[in-house]
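A closer look at the structure
The chain contents come next:
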Amino acid sequence: MKIVDSQGRLFGKISILDLGAAFVILLVIFGIFFYPGTSGSVAQVGVSTRPVEVDVLVVGLKSRNAKELFKTGEKTNLIIRNQPYGQVTLNNIEFLPRIIPVTQPNGTLKPLPDPTADVLFNNNLLLTLEGKGQVTETGPVLGNIKIKVGTTVELDGKNYNFNGTVIEVRVK
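Values in this document were obtained by computation on a predicted structure and should not be read as measured data.

Parameters at a glance
Residues numbered from 1 in each chain as written. Predicted model: local features only at pLDDT ≥ 70, side-chain atom pairs only at ≥ 80, totals over all residues. Heavy atoms only, no water. Helix = DSSP H or I, 4+ residues; strand = E, 2+ residues; numbered from the N terminus. Salt bridge = Lys/Arg side-chain N within 4 Å of Asp/Glu carboxyl O. Buried < 20%, exposed > 50% of the residue type's maximum accessible area, 1.4 Å probe, protein only. Patch = residues over 30% accessible without salt bridge, like charges linked within 9 Å, V, L, I, M, F, W, Y side chains within 5 Å. Areas by Shrake-Rupley, 256 points an atom, 1.4 Å probe, with all protein chains shown as cover.

Glancing now at the environment of Thr-72. When you line up the elements, Thr-72 lands in the loop between helix H2 (66-69) and strand S4 (75-80). Sequence separation between Thr-72 and Leu-127 is 55 residues, and the spatial gap between their C-alpha atoms is 9.6 Å.

Okay, here's the thing in C-alpha cells:
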C-alpha cells in the first residue's frame, strides 16, 4: 500500500492540500485562543503616569457669553490631533485683553486695548488644563499622543467646541 498515490492523496483518501489547510486553521485557532497576548502596548512598558498641565491659547473665540461657558474646576473633553484623549480639568481660565498697534505722532507704534473687542464678541483666552499623562524620554504623552508646544488641540464641552494651541507643557 502506497502512502501517497498518483493523485496526491494520503492513503488514497485525504488530499495533501486539505491536510495542509486543516493544519493552518488549527494553528490560527491555537494562536487566537491559547497563546497569551501581552497586556498593553510595548511602548508603554516602564513608563510612569503623572499629572500634566497644559497651557492652551485660544485667540478670537466668538461668543456672546464666553465668561459663562467655563468654570474653574470643571471637566472638558480634550481632542489631540483628532484623537480623543478623554476628560481634563480646567485649572485656570484667564481672559486676555485684545491689543492693537496704534501709530503715534512720532511714527512709533504703541499697543493699546482694542475698543471694538466687546462689540465683535471676540475673546482671547489662556486655559490651563490638567490630565494624567505618561512621561517618556521624549516628553509627556496624553492618550498615546505626544503633547508639545505648538500642537493644536480641540476642547469639546456641553455648550462649546473650539480649537486652541498649546503654548506650554508642565509635568508635576
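Continuing now.
What follows covers the pattern of salt bridges. In a structure, side chains of opposite charge can pair up when their charged atoms sit close to one another. Under the criterion given, the structure shown has six salt bridges. Note that Glu-53 and Lys-172 form a salt bridge whose closest N and O atoms lie 3.3 Å from each other. With Glu-53 in strand S3 (residues 48-62) and Lys-172 in the segment after strand S12 (161-171), this residue pair connects regions lying 119 residues apart in the sequence. On the accessibility criterion, Lys-172 (48% relative accessible area) is partly exposed.

To continue, consider a nonpolar patch on the surface. Judged by side-chain polarity, Val-24, Ile-25, Val-28, Ile-29, Phe-30, Ile-32, Phe-33 and Phe-34 come together as a nonpolar surface patch covering roughly 850 Å² of accessible area. Within the secondary structure, Val-28 sits in helix H1 (residues 16-33). For Val-28, a relative accessible area of 45% gives the class partly exposed.

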